[in-house]
Amino acid sequence: MKLLFFARLREDLGCAEETIVLPAGVDTVAGLRAHLMARGSVWRQALAPGRALGVAVNQDMAQPGTPVKPGDEVAFFPPVTGG
Amino acid sequence: MTVRVQTEDFDAGAEIARLRQGNAKVGAVAAFIGVARDVNDGESVAALTLEHYPGMTERALEGIVAEARARWRLIEVLVVHRVGELKPTDQIVLVAVASANRGEAFAACEFIMDYLKTRAPFWKKERTPEGAHWVEARVTDDDAAARWESQKTA
């Protein structure tokens, strides 16, 4: 699974992109977020439930309940500010 | 529809002329240009960096245009959004809509901008005398987008 992080989130995590093996039992966006939070330190802070974040799965906007599977591209990012 | 994400500046007049293409069914063209200002939240802005999610950006914009076309009868739509380094007075985004009548053109143009502001994966970073910081999303943008939820037009 390919993970992407954008804007301020990328800076806070010190990570723009990462390839991981999706653990068994992690099959939603919410589960993935919790899995990444469990890394602790900056990951726990930046992905905390109180932080408003957008997520995309395979380049479509997603919700916490959106399914994720191995091979997916999942991006986490702050609320968008284009235009 | 045409959707472009690019670093280069655009010529709105030329783009609109291309959009109309001498099509005699077009009775109305509504266009919006977003421009970088020198002040945001009271702080003076020296420069702006527009980051985006390559691949998803175009897809998200195409999806927004498709929604506009589902709500209103439109003849042609163009969205051009710049990325990279910009400075005050630089053009950022162009949305142009051609239709038979002005009602659809005005509404679709505003709708596309309201949805772009809340659903298209761009992020702005401003450079000010105090340093660089990421722009925060505005509640008013979410409110503007939400307004369209209760207004589905044929």
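Residues numbered from 1 in each chain as written. Chains lettered and ligands numbered in written order. Predicted model: local features only at pLDDT ≥ 70, side-chain atom pairs only at ≥ 80, totals over all residues.

Undergrad: Would you mind going over the overall build of chain A in detail, with residue names and values included?
TA: Looking only at helices and strands, chain A has three helices and five strands in total. Ordering the α and β elements of chain A from the N terminus gives β-α-β-α-α-β-β-β. Taking the principal axes of the C-alpha coordinates as reference, chain A spans close to 35 × 30 × 20 Å. The burial tally for chain A puts 29% of its 83 residues in the buried class. (Helix = DSSP H or I, 4+ residues; strand = E, 2+ residues; numbered from the N terminus. Buried ≥ 20, exposed ≤ 12 C-beta atoms within 10 Å, placed from the backbone.)

Undergrad: Explain the sheet that holds strand β6 (residues 76-82) of chain B to me, using residue names and the numbers behind them.
TA: Residues and elements named next belong to chain B. Spatially, four strands are ordered β1-β6-β8-β2 in an open sheet, and the strand pairing comes out mixed. Strand pairing shows two members of the sheet lacking a second neighbour, β1 (2-6) and β2 (28-35), which therefore form its edges. On average, each strand axis in the sheet is tilted by 5 degrees relative to the strand beside it, whichever way the strands run. Alignment of β2 against strand β8 (residues 91-99), held across eight bridges, turns out to be antiparallel. The residue bridging Ala31 from the neighbouring strand is Ala96, located in β8. (Pairing = 2+ DSSP bridges. Axes fitted to C-alpha atoms, helices over the stretch in contact; angles between N-to-C directions.)

Undergrad: Give me unusual backbone geometry: which residues, what numbers.
TA: Residues and elements named next belong to chain A. Residue Ser41 is not a glycine yet carries a positive backbone phi of 40 degrees. Inspection of the secondary structure assignment puts Ser41 in helix α3 (residues 41-46). A positive phi angle, close to 70 degrees, is found at Gln59, a residue other than glycine. Tracing the chain through its elements places Gln59 in the loop between β3 (54-57) and β4 (60-62).

Undergrad: Describe the confidence of the model for chain B, with residues and values.
TA: Per-residue pLDDT for chain B has a mean of 94; in total, 98% of the residues score no lower than 70. Two numbers describe this predicted complex: its pTM, 0.93, and its ipTM, 0.93. (pLDDT = per-residue confidence, 0-100.)

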